[in-house]
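# Topology and contacts: notes
The residues making up each chain are set out below.
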Amino acid sequence: MGAFYPDFATPFADLLAAVGTRPVAVVGHARPDGDCIGSQVALARVLAARGADAVCVNADLVPRRLAYAARGMRFLRTDDALRLPPETLAVFVDCADHARAGERLRARFPAPVGSIDHHLSNGGFAAINLVDSGSAAACEILTGLFLDAGLPIDPPTATALFAGILTDTGQFRYNSTSQRSFELAGELVAHGASPAEAGYELYERESVGKLRLLQQFLASLAMECGARVCVGVLPAGCFAATGTTAEDTEGLVDFARCVDGVDIGVLIEERPDGVKASLRGKDPLCRLDLVAARFGGGGHACAAGLNQKRSLAEFRPLLLAALAECLAEVDLARAAGSPA
């Protein structure tokens, strides 16, 4: 078997050398998902095994369903991270840009030593950037890097990495899933990851509140743009009403995406200061990362997100207009014979 990421061999070795045994914060994005937590835990564990004083830093708590993948790992919230020694280095993982971790963490770590990411919109904001938009997950990149470098992957590290690959490939269903995804997932199982444990912890432990939140979301679904866009809304106050939190929105947008005939699924969450939108597409031609970028967001071709300080009433028609333009471009590309 050849190297999974041969072009990253030298820069990854440089990153390991730069960290050495120094204190290092492995920083992930706010409202972390499986790939974020998995990549944070795995990289921190590997760096710690090499003698570094590694800690994970995130603006938000580890989601309940991902706690199994973070067992034994120290996570700091923003306030505590601001008190880390001034010589602490930072490596950002699964962050499309420097600000995804939050402005306070961006200010605390203005010059990250490394960035490991798979977002199409990542332009490289660290001294050493290991960014591959062809990878399904940051955990996929890290797994390949660890194997290529001959670094030990113990069962907890394999568990964290498997969680990231499983969630960011949509259980190996999304367009980003490749043969490499399966090969690396198989390696992780060989190193101690349990697919049964991951399936149970990630997908079979929903709370009653989450189901009530889903009920609200499904009741709000509306077909737009000639029934090619399905939009669902979580209104202000829905978390208090259902006994849930923002982390319980994970996966809801996929119910809008999976409707037969729909090209793009949308979740819009009302917030006190504006809205948050998640966009999911079926065809990479949609380039939802570019749609999100028009509103200050970003992400992948088929999965992107954004935040806006606008009311729902003001934002929704603007987003629908942008999505209609996106679909028109997709139709032109398809007519011209562009590959899906």
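Located above this text is the structure these notes cover.
Along each chain, residues carry numbers from 1 onward, in the same order as the chain's sequence is written. pLDDT decides what is reported in this predicted model: residues at 70 or higher carry local features, side-chain atom pairs at 80 or more are listed and counted, and totals for whole chains, interfaces and linings draw on all residues regardless. Each side-chain value is worked out from all heavy atoms of the structure, with water and hydrogens disregarded.

### What to know about the sheet that holds strand β5 (residues 114–117)
The strand order β3-β2-β1-β4-β5-β6 describes an open sheet built from six strands, whose pairing is parallel. Both edges of this open sheet fall to β3 (75–76) and β6 (128–131), since each of them pairs with a single strand only. Sheet strands in contact with helix α5 (residues 138–149) are β5 and β6, and its direction is about 110 degrees off that of β5. Here, any two strands with at least 2 DSSP bridges between them count as paired. Secondary structure elements follow DSSP: runs of H or I no shorter than four residues count as helices, runs of E no shorter than two count as strands, and numbering proceeds from the N terminus. Every residue pair with non-hydrogen atoms within 4.5 Å of one another is taken to be in contact. Where helices are involved, their axes are fitted lines through C-alpha atoms of the stretch in contact, as for all axes, and angles between N-to-C directions lie from 0 to 180°.

### Things to note about the packing of α5 against helix α7 (residues 179–190)
Where α5 meets α7, the axes come as close as 10 Å, and the angle between the chain directions of the two elements is 65 degrees. When you trace α5 past α7, the crossing you get is left-handed. On α7, the residues touching E140, T143, G144 and L147 of α5 are R180, S181, L184, E187 and L188. Any residue that is not Ala, Val, Leu, Ile, Met, Phe, Trp, Tyr, Cys, Pro, Asp, Glu, Lys or Arg is counted as polar, Gly included; the first ten are nonpolar and the last four charged. Residue composition of the contact of α5 with α7, by class: three nonpolar, three polar and three charged. Helix crossings fall into two classes, left-handed where the near helix is turned counterclockwise from the far one by less than a right angle and right-handed where it is turned clockwise.

### Re the pairing of strand β4 (residues 89–93)
Each residue gets one of three labels from its accessible area relative to the maximum for its type: buried under 20%, exposed over 50%, partly exposed in between, using a 1.4 Å probe on protein chains only. Within β4, five of the five residues are buried, leaving the element largely enclosed by the surrounding structure. A two-sided burial pattern is seen for β4, the buried positions comprising L89, V91 and V93 on one face and A90 and F92 on the other. The sheet contact formed by strand β1 (residues 23–27) and β4 spans four bridges and is parallel. Residue pairing for β4: A25 is matched across the bridge by A90. Here a crossover is taken to be right-handed if, once the strands point away from the viewer, the path from the first strand over the helix to the second is traced clockwise. Read from β4 through helix α4 (residues 103–108) to β5, the crossover connection turns out right-handed.

### Quick look at the packing of aromatic side chains
We call Phe, Tyr and Trp rings a pair once their centres come within 6.5 Å, taking the six-membered ring for Trp, and we label the pair stacked below 30 degrees between planes, edge-to-face above 60, and tilted otherwise. For the coordinates displayed, the defined rule picks out five aromatic pairs. For the ring pair Y5 and F8, a centre distance of 5.8 Å and an interplane angle of 5 degrees mean the geometry is stacked. We note that Y5, like F8, is buried. Centre to centre, the rings of F295 and F315 are 5.4 Å apart; their planes meet at 75 degrees, and the pair counts as edge-to-face. With F295 in the loop between α12 (288–293) and β11 (298–299) and F315 in helix α13 (residues 312–335), this residue pair connects regions lying 20 residues apart in the sequence. For the pair formed by F295 and F315, the shared burial category is buried.

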